[in-house]
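Topology and contacts: notes
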Amino acid sequence: MAEKVCPERKKVMVAIDESDCSHYALKWTLDNLGGSISASQLVVFTAMPQPDFSYIYASTYGAALPDLIQSLQENQKKVTAALLEKAKRICADQGIIAETVAEIGDPKEVICEAVKKLHIRLLILGSHSRGALQRAFVGSVSNYCVHNAKCPVLVVKKTA
């Protein structure tokens, strides 16, 4: 008698930040793909930007206080933990158990790296709805991920 093998659950990742559009994307995902998501493993991901302490060094003439830098790093970790905890609660309210992951680095790059490392089957992102000029100067995380992620990407645009 052949043993029944349970296939590994497909992983879906929603990348979020502090913006309203990323929270909208998470809620949209739960509302519109909830049935599909419940059969998958949901990963809520956030990228912590690489800290830029150059302004501290400049303002202290190159001798930044280690306690100040440590305090800023700890604050960033607390903000990130609160963001992921809020997302986890939103998912739990919909009956979805979500895994949370945070990585340090440029958001567009660490999102694509996480897709590969975690074997994500679908990436979902919110759109800031920036115009062409703003995208040219600021860049677009969603545009980068659409072209570089190793899985299908769904970009959720908040309706007016």
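Predicted model only: the values in this text are computed from it and were never measured. (Residues numbered from 1 in each chain as written. Predicted model: local features only at pLDDT ≥ 70, side-chain atom pairs only at ≥ 80, totals over all residues. Heavy atoms only, no water.)

Digging into the overall build of the protein chain
Broken down by element type, the protein chain carries six helices and five strands. Mapped in sequence order, the helices and strands of the protein chain form the string β-α-β-α-α-β-α-β-α-α-β. Within the protein chain, the proportion of its 160 residues that are buried is 35%. For the protein chain, the share of sequence-separated contacts (at least 6 apart) that also reach a separation of at least 24 residues comes to 79%. If you sum the accessible surface of the protein chain, you get close to 10400 Å²; carbon and sulfur atoms cover 54% of it. (Helix = DSSP H or I, 4+ residues; strand = E, 2+ residues; numbered from the N terminus. Buried < 20%, exposed > 50% of the residue type's maximum accessible area, 1.4 Å probe, protein only. Contact = heavy atoms within 4.5 Å. Areas by Shrake-Rupley, 256 points an atom, 1.4 Å probe, with all protein chains shown as cover.)

A word on the pattern of salt bridges
Under the counting rule described, the total for this entry stands at two salt bridges. The salt bridge involving E103 is made with K117; its shortest N-O contact spans 3.3 Å. One end of the pair, E103, is in strand β3 (residues 98-104); the other, K117, is in helix α4 (residues 107-117), and 14 residues separate them in sequence. One salt bridge connects D106 with K108, and the closest N-O pair in it is separated by 3.7 Å. The exposure class of D106 is partly exposed, given its relative accessible area of 33%. (Salt bridge = Lys/Arg side-chain N within 4 Å of Asp/Glu carboxyl O.)

Side note on the packing of α4 against helix α6 (residues 141-148)
Where α4 meets α6, the closest approach of the two axes is 9 Å, and the angle between their N-to-C directions is 35°. The two elements α4 and α6 meet at a crossing, and its hand is right-handed. Packed against α4, whose contacting residues are P107, K108, E109, I111 and C112, the element α6 presents V141, Y144, C145 and N148 at the interface. Split into classes, the residues belonging to the contact of α4 with α6 amount to six nonpolar, one polar and two charged. (Axes fitted to C-alpha atoms, helices over the stretch in contact; angles between N-to-C directions. Left-handed = near helix turned anticlockwise from the far one by under 90°. Nonpolar A, V, L, I, M, F, W, Y, C, P; charged D, E, K, R; others polar.)

Notes on α4
Of the residues making up α4, those classed as buried are V110, I111, C112, A114 and V115. The elements touched by buried residues of α4 are β1 (11-16), β2 (41-48), β3, β4 (122-127) and α6. Once α4 finishes, H119 follows within two positions and takes phi at roughly 60°, a positive value.

With respect to a positive patch on the surface
On the surface, a cluster of positive charge is contributed by K27, K86, R89 and K158. For R89, the location among the structural elements is in helix α3 (residues 66-93). (Patch = residues over 30% accessible without salt bridge, like charges linked within 9 Å, V, L, I, M, F, W, Y side chains within 5 Å. Lys, Arg positive; Asp, Glu negative; His and termini not counted. Charge placed at Lys NZ, Arg CZ, Asp CG, Glu CD.)

Focus: the environment of V115
Structurally, the position occupied by V115 is in helix α4. A sequence separation of 34 residues divides V115 from A149, and the C-alpha atoms of the two residues are 6.7 Å apart. Other than its neighbours up to four places away in sequence, V115 contacts M13, I120, L123, K150 and C151.

Remarks on the pairing of β4
In terms of residue burial, β4 counts as a mostly covered element, since five of its six residues are buried. In the sheet, β1 pairs with β4 via three bridges, with the strands oriented parallel. Residue M13 lies in a different strand from β4, and its bridge partner there is L123. Both β4 and strand β5 (residues 153-157) contribute to a ladder of five bridges, which runs parallel. Paired with L125 across the two strands is V155, which belongs to β5. (Pairing = 2+ DSSP bridges.)

Focus on the sheet that holds β1
Reading across the sheet, the five strands line up as β3-β2-β1-β4-β5 and stay open at both edges, with parallel pairing between neighbours. At either end of the open sheet lies a strand with only one pairing partner, and these are β3 and β5. Looking at each pair of strands side by side, their axes are set apart by 25° on average, direction ignored. Sitting on the sheet, α4 touches β1, β2, β3 and β4, and the angle it makes with β2 is about 150°.

Read these as layout, nothing more, since geometry by itself doesn't imply function.
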